[in-house]
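Structural characterization, general
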Amino acid sequence: MSPEGKHGQDKPGAEGRDDEWSECLVAIANSGDRAAFTRLFRHFAPLIRGFALAGSRLSANLADELVQEVMIKVWQKSAAYDPARAAASTWIYTIARNSRTDLFRRLQKFDTPLAAEDVAPDSGSEEPFEQVQQRRNGQRVRELLATLPVDQAQILAKVYMEGKSHAEAAAELDLPLGTVKSRVRLALQKLQLQMAS
Amino acid sequence: MAKHHPNLDFLTAHAAGSLPLAQAACVAAHLNYCRDCQRLVDGLQEVGAALFEQGVAEPVNERLLDTVLARLDEEPPLHFENVRPAPKAPPPILQRLMRGDFADLVWKKVTRTLSISYLRTGDPSHEFALYHIRAGGRIPLHAHRGDEITLVLQGGFSDADGDYHAGDFLFRQAGEESHAPTALQSEDCICLGVLDAPLRFTSWAHRWMNPFLHLRPG
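Because the structure is predicted, anything quoted here is derived from the model rather than measured.

1. As for the interface of chain B and chain A
- With 68 residues of chain B at the contact, the number on the chain A side is 72 residues.
- The largest per-residue losses of area from chain B upon contact with chain A belong to B:Glu46, B:Phe52 and B:Phe80, which jointly make up 12% of the total buried on that side.
- The tally of links from chain B across to chain A stands at 10 salt bridges.
- Put simply, chain B and chain A have 24 residue pairs in polar contact (both at pLDDT 80 or more) between them.

What follows is the structure, given as structure tokens:
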């Protein structure tokens, strides 16, 4: 994670994402900019709420609770955001995903010393070459996602947006587990995400 | 470099945040040894981010923004240090669970060459334990009643299928053939094992222990 003040416009040569949301995060980190935070909130809070309600696993109240929790973490952790390592939306997604996992575990009364963040920490590479690769990956995934057949897109939505295991997705879609696994693999193949051989 | 990796199903579930906690911790520990898998997980995470961005925007009550703004003063921004773990140290997730080093743990002796230390993850359906096998020592021949993940942390072991070294991630499912892992002669071996059902010893010398093998989740 980058120390405070290392990122932002003053970082020479960094092909930092100059999109509006990254700038908001940097402004929050640098000067506690509430107007920037409000802009981020207006854009992302509805997406986080949509994510929370996907698959109807959370009530409206809990969805609001998740929105609050995620947006407050965005505020608190903004200094850890590095525009060279991730798109703002990717960074906010990982916070939302981890917070939702923690919320599910709290609801199931897990008594655990671990937070989801400990298990899936921010991992972006510090190597400039890998950062460029990673940004290309992200762009490619976004472009190719629209080209997936409906059945594959549907399964990816279950897996990612609803946070369902392959077995749960199979049960809900009334499909054999093997079919679900192969659809996920096919979809990922089209997105050019495969094991290095 | 690790030669044995979690399969794509594990990595996808990990990136989506749906893997059971004990298994997720084990995958996270593997990622500390394996840049290739870490890169793939980063890519798989982009799929989640893309779906999130393009997802349904559910209207949020304006009062929620006021509530959050009112809380910001109580929640000051955090500062972050860039801490690099020592290269030989156990993965950070394990250091956290162990609260120290391997030597600080309570080890329970099972056979002359095998000791086990149970770590608490809070996962209600998986046991999470470290196995210490003395150099050249052997784990009695056993079969699997459920799923077993093994991650080599230190030293290495071999079984009929091959040799495994630090960072290697092995997955065995219920009903797969019995095996008897043997630590390499050169040094003691420490592995992490995540189980969802107790093992079953298949050799006559150790079968008497089967009724006493209980899963210790949590």
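2. Quick notes on helix 1 (residues 20–31) of chain A
Residue and element names in this part refer to chain A.
- Counted at 1.5 Å a residue, the expected span for helix 1 with its 12 residues is 16 Å, and the 16 Å between its end C-alpha atoms agrees.
- Burial in helix 1 covers these residues: Trp 21, Ser 22, Cys 24, Leu 25, Val 26, Ala 27, Ile 28 and Ala 29.
- The secondary structure elements touched by the buried residues of helix 1 are helix 2 (34–53), helix 3 (60–77) and helix 4 (88–107).
- One side-chain oxygen at the N-terminal end of helix 1 lies 3.1 Å from the backbone nitrogen of Trp 21; it belongs to Asp 19.
- One or two positions beyond helix 1, positive phi appears at Gly 32, with a value near 55°.

3. Notes on the packing of aromatic side chains
- Enumeration over the complete set of coordinates arrives at 11 aromatic pairs over all chains.
- A centroid spacing of 6.0 Å and a plane angle of 90° characterise the contact between A:Phe51 and B:Phe52, whose relative ring orientation is edge-to-face. Taken as a pair, A:Phe51 in helix 2 and B:Phe52 in helix 3 (residues 35–53) lie in two separate chains rather than in one. Just as A:Phe51 is buried, B:Phe52 falls in that class too.
- Aromatic side chains B:Phe157 and B:Tyr164 sit 5.0 Å apart centroid to centroid with 45° between the ring planes, which places their arrangement in the tilted category. The same class applies to B:Phe157 and to B:Tyr164, which are both buried.
- One aromatic cluster in this structure is built from A:Trp21, A:Phe44, A:Phe51, A:Tyr93 and B:Phe52.
- Taking NZ or CZ as reference, B:Arg207 lies 4.1 Å from the ring centre of B:Trp204, over its face.

4. A look at the packing of helix 3 of chain A against helix 4 of chain A
All names here are of chain A.
- Taken N-terminus to C-terminus, the directions of helix 3 and helix 4 make an angle of 130°; their axes are 9 Å apart at the nearest point. Here helix 4 runs oblique to helix 3, going by the angle between their axes. Taken as a pair, helix 3 and helix 4 cross one another with a handedness that is right-handed. For the pair helix 3 and helix 4, contact is made by Leu 62, Glu 65, Leu 66, Glu 69, Val 70, Lys 73, Val 74 and Lys 77 and by Trp 91, Ile 92, Ile 95, Ala 96, Ser 99, Arg 100, Leu 103, Arg 106 and Leu 107, respectively.
- For the contact of helix 3 with helix 4, the per-class residue count stands at 10 nonpolar, 1 polar and 6 charged.

5. Things to note about the sheet that holds strand 9 (residues 182–183) of chain B
All names here are of chain B.
- Taken together, 3 strands build an open sheet; the order of strands is 7-6-9 and the sheet is antiparallel. The open sheet has two free edges, formed respectively by strand 7 (162–165) and strand 9, since each of these has just one partner strand.
- The sheet contact formed by strand 6 (residues 156–159) and strand 9 spans 2 bridges and is antiparallel. Its bridge partner being in strand 9, Ser 158 is matched across the sheet by Thr 182.

6. A short note on the nonpolar core
- One finds A:Leu40, A:Phe41, A:Leu156, A:Tyr160 and B:Val47 to be the most contacted residues of the largest nonpolar core, which totals 101 residues.
- By residue number, the principal contributor to this core is helix 2 of chain A, which donates 10 residues.
- Leave out the neighbours within four places in its chain, and A:Leu156 touches A:Leu145, A:Leu148, A:Met161, A:Val184, A:Ala187, A:Leu188, A:Leu191, B:Val47 and B:Leu51.
- Ranked by size, the runner-up nonpolar core spans 15 residues in total, among them B:Ile116, B:Tyr164, B:Leu170 and B:Leu195.

7. Quick look at helix 4 (residues 62–71) of chain B
- Taken as a whole, helix 4 of chain B has its buried residues at B:Leu64, B:Leu65 and B:Val68. Buried residues along helix 4 of chain B cover an arc of 100° about the axis, so they all sit on one side. Residues of helix 4 of chain B that are exposed and point over 90 degrees away from its buried face: B:Arg63 and B:Ala70.
- In the core, the buried residues of helix 4 of chain B are packed alongside helix 2 and helix 3 of chain A.
- Of the residues flanking the start of helix 4 of chain B, the one acting as N-cap is B:Asn61, its side-chain oxygen 2.9 Å from the backbone nitrogen of B:Arg63.

Cut-off values and rules
- Residues numbered from 1 in each chain as written.
- Chains lettered and ligands numbered in written order.
- Predicted model: local features only at pLDDT ≥ 70, side-chain atom pairs only at ≥ 80, totals over all residues.
- Heavy atoms only, no water.
- Contact = heavy atoms within 4.5 Å.
- Buried area = accessible area lost by both parts, 1.4 Å probe.
- Salt bridge = Lys/Arg side-chain N within 4 Å of Asp/Glu carboxyl O.
- Polar contact = N/O pair within 3.5 Å; in protein donor to acceptor, adjacent residues only side chain to side chain.
- Helix = DSSP H or I, 4+ residues; strand = E, 2+ residues; numbered from the N terminus.
- Expected span 1.5 Å × (residues − 1).
- Buried < 20%, exposed > 50% of the residue type's maximum accessible area, 1.4 Å probe, protein only.
- Phe/Tyr/Trp six-rings, centres within 6.5 Å; stacked < 30°, edge-to-face > 60°.
- Lys NZ or Arg CZ within 6 Å of the ring centre and 35° of its normal.
- Axes fitted to C-alpha atoms, helices over the stretch in contact; angles between N-to-C directions.
- Parallel < 35°, antiparallel > 145°, perpendicular 65-115°, else oblique.
- Left-handed = near helix turned anticlockwise from the far one by under 90°.
- Nonpolar A, V, L, I, M, F, W, Y, C, P; charged D, E, K, R; others polar.
- Pairing = 2+ DSSP bridges.
- Core = buried A, V, L, I, M, F, W, Y, C linked by side-chain atoms within 4.5 Å.
- Arc of directions from axis to C-beta.

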